[in-house]
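# Reading the structure
Okay, here's what each chain looks like letter by letter:
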Amino acid sequence: LEIDQYGNVTAYHVLKEHPGDAVTWTMEYDTVPSRFMLHWFRAYRPGQERGVSAFASTLETCAVTRRYTKATLAKQEINANITGVIETDNVMAETGDAPTFETMEEIDIPRRGLMTMPAGMTAKPFSSAENTADYKQFVASNHATVGRPIHLPRNLITGDSSDFNFASGRMDHLPYQSVVWIDRERARNRLLDKIHRVFYAAAKDANLVPAGLPPLRDWTMEWQWDGFPSIDQVKDTTAQENRLRLGLTTLAEECAAEGRDWRDVVRQRAIERKYLIENGLDPDMGMGKPAPAMAPKPAANPVPEDDDEASEDDTTLENANGRYARV
């Protein structure tokens, strides 16, 4: 890195070949100005010009997990290879009452046959305490430790949510999504806006910028990100509806949270509404609004037979005595 007197990086030296790829490393490099270089890292202290991997603090945990897995596998292989053991009742070998065996000597066991043992000895199956539950808990704890630097939930590291209930699985994703939003904002400041400035300068040099536009510093830019999938769509939709109804959010914010452009949503809704009207359908019902409640139809009142002037256009009201009056 080339740094000026104020501590700002002015240029980067980029090697033409990776030190591990070539037999003879020539140390040849290209000098790239800082405005054409995207160098994205998180600085933890003043004056830091290079980044450190977020997983640097948990690399040893990965190695320990691998060693523990290999040791557990070796133990299970030993348990599977040993069929049984021979036990004795503490008979002294010096008296000649018990035969002697070489250490770890193998004895052939006849198939589908009976086996006799010397006096004072008993053959028993080989059994070893299996700590599979401890192994599972140990590995799960290490997985959570490995993902902690980037707030990654354990079920995302392992791809297994069998140990989670719905509430805990959803809650563990909230801090991770918050970290993703922060990283996206950093990416906008350090990467995307920088790319846009270089792109604008190149377009301006090529006379591709339309005349009459304000300076670049007066522009307002928006970067569209992918949204997070909804875990409970009913609750999320209800909360979204309440925020919009109370004026606590905007359509742009809600659409951006789902990775959509609010302009596209409004434009498509207008197209669908026009299409429903052209085909004689109620656009409000087609756009997700409930149908208006229909007023109950009044029951027809009978017309007295002795009223010669009564007609179908007459409207009658019934009084408390059961008599009809024309209105």
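Residue positions are counted from 1 within each chain, in the order its sequence is given. Only residues with pLDDT of 70 or above have their local features reported here, since the model is predicted, and side-chain atom pairs are shown and tallied only from 80 upward, although totals for entire chains, interfaces and linings are computed over all residues. Side-chain calculation: all heavy atoms of the structure are included, whereas hydrogens and water are not.

### Section: the overall build of the protein
Secondary structure follows DSSP: runs of H or I at least 4 residues long count as helices, runs of E at least 2 residues long count as strands, and numbering of each begins at the N terminus. Helices and strands together make up the secondary structure of the protein, namely eight helices and seven strands. Note on exposure labels: buried denotes an accessible area under 20% of the residue type's maximum, exposed denotes more than 50%, and partly exposed covers the range between, all computed with a 1.4 Å probe on protein chains only. Among the 327 residues that make up the protein, the fraction classed as buried is 14%. Across the protein, contacts joining residues at least 24 apart in sequence account for 48% of those joining residues at least 6 apart. In this description, accessible areas are obtained by the Shrake-Rupley approach with a 1.4 Å probe, and a residue is regarded as covered only by the protein chains that are shown. Accessible surface for the protein amounts to roughly 26,300 Å². Of this, 54% is attributable to carbon and sulfur atoms. In this analysis, two residues are considered to be in contact whenever any of their non-hydrogen atoms come within 4.5 Å of each other.

### As for the confidence of the model for the protein
For the protein, the average pLDDT comes to 78, and 75% of its residues sit at 70 or higher. The quantity called pLDDT is the predictor's confidence in a given residue, expressed from 0 to 100. Mean pLDDT across the secondary structure elements of the protein bottoms out at strand β7 (residues 324–326), with 41, and peaks at strand β3 (residues 29–33), with 94. Note on residues 309–327: pLDDT under 50 across the span, and 21 contacts to partners over four residues away in sequence or across chains.

### Topic: a nonpolar patch on the surface
A cluster of nonpolar residues, Leu15, Trp25, Met27 and Tyr29, forms a patch on the protein surface that exposes about 390 Å² of accessible area. Topologically, Leu15 is positioned in strand β2 (residues 9–15). We classify Leu15 as partly exposed; its relative accessible area is 35%. Think of a patch as exposed residues, more than 30% relative accessible area, with no salt bridge, where like charges cluster within 9 Å and nonpolar side chains (Val, Leu, Ile, Met, Phe, Trp, Tyr) cluster within 5 Å. Think of a salt bridge as a Lys or Arg side-chain nitrogen and an Asp or Glu carboxyl oxygen that are within 4 Å of each other.

### Describing the environment of Met27
Positionally, Met27 belongs in the loop between β2 and β3. Residue classification places Met27 among the partly exposed residues on the basis of a relative accessible area of 45%. It is 9.7 Å that separates the C-alpha atoms of Met27 and Val14, two residues lying 13 residues apart in sequence.

### As for unusual backbone geometry
Of note in this structure, His151 is not a glycine but carries a positive phi near 60°. Note that His151 resides in the loop between α2 (132–147) and α3 (154–158). Backbone geometry places Asn207, a non-glycine residue, at a positive phi of 60°. Within the secondary structure, Asn207 is located in the loop between α4 (166–205) and α5 (233–246). Its relative accessible area of 70% is what places Asn207 among the exposed residues.

### Thoughts on the pattern of salt bridges
Tallied over the entire structure, the rule returns nine salt bridges. Between Arg186 and Asp183 there is a salt bridge, and its shortest N-O distance comes to 3.3 Å. Taken as a pair, Arg186 and Asp183 lie in helix α4 at a separation of three residues, close to a single helical turn. Notably, a salt bridge pairs Glu254 with Arg243, separated by 3.0 Å at the nearest N-O pair.

### Overview of the sheet that holds β2
Any two strands with at least two DSSP bridges between them are considered paired. The sheet built from three strands is open, its strands ordered β1-β2-β3 with antiparallel pairing. The sheet is open, and its two borders are formed by β1 (2–3) and β3, each paired with just one other strand. In this structure, β2 lies alongside β3, joined through five bridges in antiparallel fashion. Paired with Val14 across the two strands is Asp30, which belongs to β3.

### Observations regarding the environment of Val180
Along the polypeptide, Val180 turns up in helix α4. Overall, the relative accessible area of 17% leaves Val180 in the buried class. For the pair Val180 and His151, spaced 29 residues apart in sequence, the C-alpha separation works out to 9.3 Å.

### Describing the side chain of Thr65
Mapped onto the fold, Thr65 is located in helix α1 (residues 59–81). Once residues within four sequence positions are removed from consideration, Thr65 is found in contact with Phe138, Val139 and Asn142.

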